[in-house]
Amino acid sequence: MGETCGHGDRGDAVLRPLAAGELPLYLDHLARLDSASRRLRFGCAMDMAALQHHCLGLAGIKATVIGAFLSDTLRGAAELAPARAPFKGFEAAFSVESEYRRDGLCFALLTSAARLVSPGVLTLVCDAENAPMLGCAEKAGAIIAIDDDTAICSLRDAASAAGAPLPGSVPHLGSALLRGYV
């Protein structure tokens, strides 16, 4: 079960939480990100071994991954996890493969994530030069604070950007370093 969102001439994307058995799909998606996208997503260079380690760690720390599927292939994702100090609520990280960017897919993932945490706070930490991610957060109504090379985006009333709840139950998978890239 999931929700759909239009994605330009590519048709509709289906957004839904991933089950634990679908983590290989998420690993494949992360592996398709180019090296610059991986650096912005994770805050450092990530080779295949590091991506595998990240995905394996998701099962142990109560994260949820929402997948965006186009033609049955995972092309974008949002990771949600309980926020680490000093943040409250939930932290989120986003990734969208380069050829699927700039068509609203990240915003659709952000609003789905916001619905899952509503009425709580959703926080996103990203590189201060990640203009697409910052634009998406701003469009959703986030408060953005930039400190040196890091931007912290806080969506305090997640429901205001989100609308109705995402259908179905949400399996918790886990999390690691949370960074965004669109």
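One can find the structure itself at the top, above this paragraph.
Scope of this entry: the structure provided in the associated data block.

Here is what the cut-offs are and how they apply
Residues numbered from 1 in each chain as written. Predicted model: local features only at pLDDT ≥ 70, side-chain atom pairs only at ≥ 80, totals over all residues. Heavy atoms only, no water. Axes fitted to C-alpha atoms, helices over the stretch in contact; angles between N-to-C directions. Helix = DSSP H or I, 4+ residues; strand = E, 2+ residues; numbered from the N terminus. Left-handed = near helix turned anticlockwise from the far one by under 90°. Contact = heavy atoms within 4.5 Å. Nonpolar A, V, L, I, M, F, W, Y, C, P; charged D, E, K, R; others polar. Salt bridge = Lys/Arg side-chain N within 4 Å of Asp/Glu carboxyl O. Buried < 20%, exposed > 50% of the residue type's maximum accessible area, 1.4 Å probe, protein only.

1. Things to note about the packing of helix α2 (residues 35–42) against helix α3 (residues 48–58)
1) Next: As a packed pair, α2 and α3 sit with axes 13 Å apart at the nearest point and diverge in direction by 40°. Note on packing geometry: the crossing formed by α2 with α3 is left-handed. Facing α2, whose interface residues are Arg38, Arg41 and Phe42, α3 presents Met48, Leu51 and His54.
2) Next: When grouped by side-chain class, the residues that make up the contact of α2 with α3 number 3 nonpolar, 1 polar and 2 charged.

2. Topic: the pattern of salt bridges
1) Next: What the rule picks out here adds up to 6 salt bridges.
2) Next: Glu97 is paired through a salt bridge with Arg32; the nearest N and O atoms lie 2.9 Å apart. Residue Glu97 is located in the loop between β5 (90–96) and α4 (105–117), and its partner Arg32 is located in helix α1 (residues 23–32); the two are separated by 65 residues in the primary sequence.
3) Next: Taking relative accessible area as the criterion, Glu97 reaches 1% and is therefore assigned buried.
4) Next: In this structure, Glu79 engages Arg41 in a salt bridge whose closest nitrogen and oxygen atoms are separated by 2.6 Å.

3. What to know about the packing of α1 against α3
1) Next: It is at 10 Å that the axes of α1 and α3 come closest, and there the two elements cross at 145°. Both α1 and α3 take part in a crossing whose hand is right-handed. Mapping the contact onto sequence places Leu23, Tyr26, Leu27, Leu30 and Ala31 in α1 and Met48, Leu51, Gln52, His54, Cys55 and Leu58 in α3.
2) Next: Looking at the contact of α1 with α3 residue by residue, the classes come out as 9 nonpolar, 2 polar and no charged.

Geometric values such as these leave the question of function open.
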